Structure formats: structure tokens, C-alpha cells
Amino acid sequence: MAEDRCLHEESEFLGEQKAGRGVNRYFRCRKCNSVIIVSADNIIFEVKGKKS
């Protein structure tokens, strides 16, 4: 069974947070409501959003 994956093409910038090595940037996908975090080291984290 294939899982539907969102490509997060419709995202909005939420803001920045100072980190030890630079700045983390936060985005929210308008389609799936997940929060995407891009760390100062360009590592991408995803916090899954609630499905409505």
C-alpha cells in the first residue's frame, strides 16, 4: 500500500530561531499542516500535522 506523501509545495514561513551555530527556520505546509524545520546545518526535520 503506497502512502500519500505531501511535497510541501504550498508552505508559509513562520519565523526563525537563533541556534548555537546559526539560525533555524520554520515553515508550515498549507496543504498537510506539517511544520518543516530547516536547521542551521541544513538538516530538515518534519513535525507531522493533524489531519482534519
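Residues numbered from 1 in each chain as written. Predicted model: local features only at pLDDT ≥ 70, side-chain atom pairs only at ≥ 80, totals over all residues. Heavy atoms only, no water.

Turning to the sheet that holds strand β3 (residues 35-38), a few remarks are in order. As summarised here, the arrangement of the 4 strands in space is β1-β2-β3-β4, forming an open sheet in which the pairing is antiparallel. Either end of the sheet is taken by a strand with one partner, and the two such strands are β1 (11-19) and β4 (44-47). Averaged over all neighbouring strand pairs, the angle between strand axes comes to 20 degrees, with direction disregarded. Here 4 bridges tie strand β2 (residues 22-29) to β3, and the two strands are oriented antiparallel to one another. (Pairing = 2+ DSSP bridges. Helix = DSSP H or I, 4+ residues; strand = E, 2+ residues; numbered from the N terminus. Axes fitted to C-alpha atoms, helices over the stretch in contact; angles between N-to-C directions.)

For β3 and β4, the ladder comprises 4 bridges, and the chain directions are antiparallel. Its bridge partner lying in β4, Ile36 is registered against Glu46.

As consecutive antiparallel partners, β2 and β3 are separated by 5 residues, and within that stretch Asn33 has a phi angle of approximately 70 degrees, a positive value. From the end of β3 to the start of β4, which pair antiparallel, there are 5 residues, and Asn42 there has a positive phi angle of about 65 degrees.

Moving on to unusual backbone geometry. Most peptide bonds take the trans form, and the phi angle of most residues other than glycine is negative. Positioned with a positive phi, His8 is a non-glycine residue whose angle comes to about 55 degrees. Considering the arrangement of structural elements, one finds His8 in the segment before β1. Located in the positive-phi region is Asn33, a residue other than glycine, with phi close to 70 degrees. Note on placement: Asn33 falls in the loop between β2 and β3.

Glancing now at the side chain of Asn24. Within the secondary structure layout, Asn24 lies in strand β2. When its relative accessible area of 16% is taken as the criterion, Asn24 is described as buried. For Asn24, the side chain forms a polar contact with the main-chain nitrogen of Ala40, separated by 3.0 Å. Those residues within four positions of Asn24 in sequence are excluded, and the remaining contacts are Gly15, Glu16, Gln17, Ala19, Ile37, Val38, Ser39 and Ala40. (Buried < 20%, exposed > 50% of the residue type's maximum accessible area, 1.4 Å probe, protein only. Polar contact = N/O pair within 3.5 Å; in protein donor to acceptor, adjacent residues only side chain to side chain. Contact = heavy atoms within 4.5 Å.)

To continue, consider the pattern of salt bridges. Within this structure, the stated rule accounts for 4 salt bridges. We note a salt bridge from Glu16 to Arg25, for which the minimum N-O separation is 3.2 Å. Here Asp41 ties to Arg21 by a salt bridge, and the two come within 3.3 Å at their closest N and O atoms. Of this pair, Asp41 sits in the loop between β3 and β4 while Arg21 sits in the loop between β1 and β2; the two residues are 20 residues apart in sequence, bridging distant segments of the chain. (Salt bridge = Lys/Arg side-chain N within 4 Å of Asp/Glu carboxyl O.)

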